[in-house]
Each structure stands twice: as C-alpha cells, then as structure tokens.
Amino acid sequence: MKKLYAVLGGIFLFGLLTVGFDKYLDIQITNNREMIRNHRTYERFWSSETPKLIMDENTLVIFGSSELMPLEDYEENVSSFLNASEMNIVTMGAGNFQSLSHIMELGAIADKIESKKVALFLSPQWFEEEGISQEAFPARFGEENLLEFLKNEKISDSNKQFVLDRTLSLLANSPAQQARVMKYKNAFSNKISIDSIYKNLMLQYWRLRGKYYVLKQFGEMDQELPVVDLETMDFDELLILAQKQGKESCTNNEFGIYDEYWNTYVKEIYENGEIEEKNEIYTESAEYDDLKCFLNVAEELDIEVILVSIPVNEKWYTFQGMLCDEYYGQVREVVKEYDNVIFVDMTKYADEKYFLKDVMHLGWKGWARINEALYREFKGQ
C-alpha cells in the first residue's frame, strides 16, 4: 500500500510540476509577445500554442514559404511595412512550407485569430507534379499542429482524413514520424482506444515541448523592428524607394536579378543561351488539391483568406523556355469557387523589373505592392 501511495504521490507531484512549468512558459511568452512575433524559426512555426499567446485583434497571420524567412534587410522585408499599432503580423513559413503544412497550422490556431482573416502567399514553385516532396516534407512537419488540427471540431472529418492520408504518404521516408501519425489516425477512427490515449498524451508533450523550445531561443531574439504609421504611409513614395534599391542591387544583368544571385546561380546558365522551345509548367500538381483543402478548411472555420498569387520572373523564365500563363489561369479558376477568398493577383507584375529580386523571390517593388495590398484588405479599405 505504501508503494502505491508513493507511486500516486509521484504522479501527482509530476503533474503539479508540469502544470506549473506550463503556466511559467505561458507567462514568459505572453510577456515577450512582440519579440517572439518578429522572430522566425521552425520552432515557432511548429508550436501552435505560441501564436495563440502572441496574437491580438490587429494580427494578420501570413502563411508562405521562403520569402517570409529572411530578416537581413528591413527596408525590403515584410516586417518593416506591417509593424504598426493598428496592424501587426505573425508569419508562418520558410522554404518548403506549402499548403499541407499550412492547413494544419490554420486548423490549430484558428480559434485565436480574432480578425478572422489570414493571408496565403502562393508560390508557383509549389506546383511541381508531386507537390511537396517526400524528401522535404518531414523536416517541415509539425506534429503539434496536426494534433491540434484534428482536435478542432469545426473541421469536417473528410478534410481531416485528407490531411492524414496525405501526411502519411509524404512520411514514407521517415518511418518514426509515420508510425506516430498512424497511431493518430487510428485514434481519429476509434476515439476509445489505446491509440487515443497515446494521441492525447502526445498532444500534451508536443504543446509543452513547443513552448519550451521557443523559450530556449529568447537569447537569439534580437530583432528590433521599426514601428510604422500605416495610416499616413505614402505607398507611392515607397515604390520610388523600391525602384532605387532594386536598381542599386541589380547592376550586371537585364533581368532584375541581384548581382550576387546572378553570379552564383544564373550567369553560367545565361551564357548557354536562350531556349527556343517554350513549354507551360506547373499545370499538373498534387498541390492543387492541397490548396483546395486549405481553402475548404478556412471556409469551415469562417476565416477569410487574402490569397496572394506571386509570379515568377517572367523575362528569365521565358528565356529558359518556361511559361506560366496556364498556371496563373488555373489558380484564378480555383479561387473563383470560394466566397471566402480575397484574391490579390500579382501576376500582372511578372515582367516588372525589381518586383522579384531573383527568379522567384519577392524583391523591392514586390514587397511594396504586396504590403500595401495586405494593409488595404486587412483594414477593409
């Protein structure tokens, strides 16, 4: 009997310590919300509890990929434009984050999105035939987001099933992750089971672990971003500045590609000459179904999506024999099906110099145009 009491006492003490540590993490994250909001690492993207603690009624969540990650040039990056008292942002994404990861993230945090609006930056490079690859996906997969997504009662079983099946197929090269997700799927199908208990325990583990890993990075969160006044910002003047910055950065080619990128990745290809045979690309892809699922889930959650269609560097892609007109048209057809989508079509700027800074990533004029659009749509102007 004494041993039983000792075991029960140990379990009680462990639970008490865990709850106390969880509360401590919540307090630390809440007290440092602006610092965390402006810091971008995979750990913050994977912790669905963290954005819930740092968002407010003026927060726009932006889902995207590699264009959201760098913070080196404040005059160019999204943070410099949308860090204001009347609007702030939380970015979700880095290279190889695509629609499937964002479906889970959206479902995980939707109940704390007070504005009921999010933005999705759609990149053409996502639309390779298989969509996100089996090689890339495991390193961009957050189990806490998946479990919180499955827990959201507003999301239909059909969308949950789609996400589970797609996730399992993409974890073929990561057997440990795949085995855990299989248990989550079994728990989804059978609410009263050992796997269901396992799923609930793992959710608590990932929640605590996620916030702890964010806390561990506090010492690295040294980005002090300027606070701007969006109500009085002169976006025309901003475009003039963007034109100047682009011209200063792109001095050795006609494609509006910044010098270092040109010299490292493009110059040798350019010297091989233009490819005369032109082919449409990105027209067949599993990513289309992933995108539709994201929009379906947003619709179920009563979330409005500001969908930004980002172009490629048209002049360079045409030089390489790659055309995207059909892809742009297919995206337009997809979004027509959804009443909850505000479509910000930036593909009309595909041939504008300095809209992109290389062959695919947003540049000076691209950020200026997109951030004005985001501000206008978020504020309903």
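Our subject is the structure listed above.
Quick caveat: nothing in here was measured; it's all calculated off a predicted structure. (Residues numbered from 1 in each chain as written. Predicted model: local features only at pLDDT ≥ 70, side-chain atom pairs only at ≥ 80, totals over all residues. Heavy atoms only, no water.)

J.: Whenever I open this one, the pattern of salt bridges confuses me. Can you help?
T.: Pairing between side chains of opposite charge can happen when the charged atoms of each approach one another. In total, this model carries 18 salt bridges according to the counting rule given. Across the pair E148 and R207 runs a salt bridge whose closest N-O atoms are separated by 2.6 Å. Taken as a pair, E148 in helix α7 (residues 143-151) and R207 in helix α10 (residues 194-216) lie far apart in primary sequence, 59 residues in all. Here E148 falls in the buried class, since its relative accessible area comes to 5%. In this structure, the salt-bridge partner of D290 is R166, at a minimum N-O distance of 2.8 Å. You can see D290 sitting in helix α13 (residues 287-300) and its partner R166 sitting in helix α8 (residues 157-170), a full 124 residues away along the chain. Judged by relative accessible area, R166 falls into the buried class, the value being 13%. In the salt-bridge network here, residues are joined through shared partners; they are E49, K52, E148 and R207. (Salt bridge = Lys/Arg side-chain N within 4 Å of Asp/Glu carboxyl O. Helix = DSSP H or I, 4+ residues; strand = E, 2+ residues; numbered from the N terminus. Buried < 20%, exposed > 50% of the residue type's maximum accessible area, 1.4 Å probe, protein only.)

J.: Explanation requested: the nonpolar core in the structure shown.
T.: Soluble globular proteins: nonpolar side chains tend toward being buried together. Grouped together as the largest cluster of nonpolar side chains are 81 residues, with contacts concentrated most on L106 and L146. In terms of residues, this core owes the most to one element, α13, which gives seven residues. Counting 35 residues, the second-largest nonpolar core is a separate cluster that includes L68, A242, I342 and I370. (Core = buried A, V, L, I, M, F, W, Y, C linked by side-chain atoms within 4.5 Å.)

J.: For this particular structure, what's the right way to read α8?
T.: For an α-helix, the turn length of 3.6 residues means that residues three or four places apart are oriented alike. End to end, α8 covers 20 Å across 14 residues, agreeing with the expected 20 Å (1.5 Å per residue, within 8%). The secondary structure elements touched by the buried residues of α8 are α6 (99-109), α7, α9 (175-189) and α13. (Expected span 1.5 Å × (residues − 1). Contact = heavy atoms within 4.5 Å.)

J.: What's the story with the pairing of strand β5 (residues 304-309) in this structure? I'm lost.
T.: Two faces, one strand: in a regular strand the side chains alternate between the faces of the sheet. By the criterion of burial, β5 is predominantly enclosed, with five of the six residues buried. Here strand β3 (residues 117-122) runs beside β5; their pairing, made up of six bridges, is parallel. Across the sheet, K117 pairs through a bridge with E304, a residue of β5. The pairing of β5 with strand β7 (residues 341-345) spans five bridges and is parallel. Note on β7: the bridge partner recorded for V305 is V341. (Pairing = 2+ DSSP bridges.)

J.: Got a minute to help me understand α9 in this structure?
T.: For α9, built from 15 residues, the straight-helix expectation of 21 Å at 1.5 Å per residue is met to within 8% by its first-to-last C-alpha distance of 21 Å. Every buried residue of α9 is accounted for by Q177, V181, Y184, A187 and F188. The buried residues of α9 occupy an angular sector of 110 degrees when the element is viewed end-on, so they sit on one face. Projecting away from the buried face of α9 at angles above 90 degrees are the exposed residues P175 and S189. Of the surrounding elements, those touching the buried residues of α9 are α7, α8 and α10. (Arc of directions from axis to C-beta.)

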